[in-house]
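# Notes for the structure review
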Amino acid sequence: MIILQSLIIFITILFFKKQKRGKKSNTPRSPPRLPLIGNLHQLGHHPHRSLCSLSHRYGPLMLLHLGRVPVLVVSSADVARDILKTHDRVFASRPRSKLFEKLFYDGRDVAFAPYGEYWRQIKSVCVLRLLSNKMVTSFRNVRQEEISLMMEKIQKSSSLQVNVSELLGSLTNDVISRIALGRKYSGETDSKELMKRLMMLMGEFSVGTYVPWLGWIDWISGLDGQLNKTGNDLDEFLEKVVQDHVDGDGQRTDFVDVLLRIQREKSIGFEIDRLCIKAIVLVKG
């Protein structure tokens, strides 16, 4: 035990000496970090408050190390503009995550794909084919119908109190579902539960993503099992949605139909496969 403690102290001393020598490098200011876990211990129970407090001390551009993942924390509008507009290509990619891998087809969509040729092609498809002015205008009736249905629910409510947040959430989900998938799924218990599980898992913290040698904690906590099950259930649901469109009459103009038409006609510079379609629909829907 004494030998182990001495070894840990020795490694820690070497680590902090290395940090001290490395302060001359051209990197943003960074709080002192611990070996292996970096600055994870400084986030606390309310990370947004911890980051605000740290930014007051280390400036509007601060470098943190969450385990093995370097994270640039920006707390100034001017600096954010430089990063998101002036130097956007440098920061376009996102670090790989177990969550993205299991739930979002390993980053096959424009929101999670690394910057490169694939990302540019998918972005072009989304901007020119799915989110063009013509496409958005074509769904005006869908938005009007769903808003009318919501107003009817409010009028028919026997209670003097109405949960507006719940109504607006249902409105948003129903509109997006009809536009992306061709019909509403909000009335189906299984699909509602599936989307709820997805939203909850997106907010989970994956230890293995930041500290790989502690990845077994995700298995012990059940996170790996939840990710695998939810990812498989999502894929099964989206596969059914896509197959229903393949077997349909082709008269609809939702996102799935547009993507399937692009796949059949091969009208862009690369081939869209079934996984790509499901990834795009999952994030856009």
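Report on the accompanying structure. Keep in mind that this is a model prediction, so the values were computed, not measured.

Glancing now at the overall build of the protein. When helices and strands are counted, the protein shows 14 helices and 2 strands. Looking at the protein residue by residue over its 285 residues, the buried ones come to 33%. For the protein, long-range pairs separated by at least 24 residues make up 59% of all intrachain contacts whose partners lie at least 6 apart in sequence. If you sum the accessible surface of the protein, you get close to 18,700 Å²; carbon and sulfur atoms cover 58% of it.

Mapping histidine 65 onto the fold places it in strand β1 (residues 61-66). Histidine 65 gets classed as buried once you look at its relative accessible area, which sits at 16%.

As judged from the 6 bridges shared by β1 and strand β2 (residues 69-74), these two strands associate in the antiparallel manner. Looking at β2, one finds that leucine 61 is bridged to valine 74. Between β1 and β2, which pair antiparallel one after the other, the connecting turn spans 2 residues, and glycine 67 there sits at a positive phi close to 65°.

Next up on the list: the packing of aromatic side chains. Working definition: an aromatic ring pair is given by the centre-to-centre distance plus the angle between the planes. If you walk through the whole model with that rule in mind, you get 6 aromatic pairs. A connected cluster of aromatic rings, assembled from ring pairs, spans Phe100, Phe104 and Phe112. Stacked on the ring of tyrosine 115, the Lys or Arg arginine 120 has its end atom at 5.4 Å from the ring centre.

A few words on the pattern of salt bridges. Applying the stated criterion to the full structure yields 14 salt bridges. Salt-bridge contacts for glutamate 146 lead to lysine 184; the nearest nitrogen and oxygen are separated by 3.5 Å. Separated by 38 residues along the polypeptide, glutamate 146 in helix α7 (residues 140-156) and lysine 184 in the loop between α8 (164-181) and α9 (189-202) bring together distant segments of the chain. Judged by its relative accessible area of 3%, glutamate 146 is buried. Across the pair aspartate 235 and lysine 278 runs a salt bridge whose closest N-O atoms are separated by 2.7 Å. With a gap of 43 residues between them, aspartate 235 in helix α12 (residues 223-247) and lysine 278 in helix α14 (residues 274-284) connect regions that are remote in the sequence. One connected set of salt bridges, linked through shared partners, spans Glu145, Glu146, Arg178 and Lys184.

Thresholds, definitions, all that
- Residues numbered from 1 in each chain as written.
- Predicted model: local features only at pLDDT ≥ 70, side-chain atom pairs only at ≥ 80, totals over all residues.
- Heavy atoms only, no water.
- Helix = DSSP H or I, 4+ residues; strand = E, 2+ residues; numbered from the N terminus.
- Buried < 20%, exposed > 50% of the residue type's maximum accessible area, 1.4 Å probe, protein only.
- Contact = heavy atoms within 4.5 Å.
- Areas by Shrake-Rupley, 256 points an atom, 1.4 Å probe, with all protein chains shown as cover.
- Pairing = 2+ DSSP bridges.
- Phe/Tyr/Trp six-rings, centres within 6.5 Å; stacked < 30°, edge-to-face > 60°.
- Lys NZ or Arg CZ within 6 Å of the ring centre and 35° of its normal.
- Salt bridge = Lys/Arg side-chain N within 4 Å of Asp/Glu carboxyl O.

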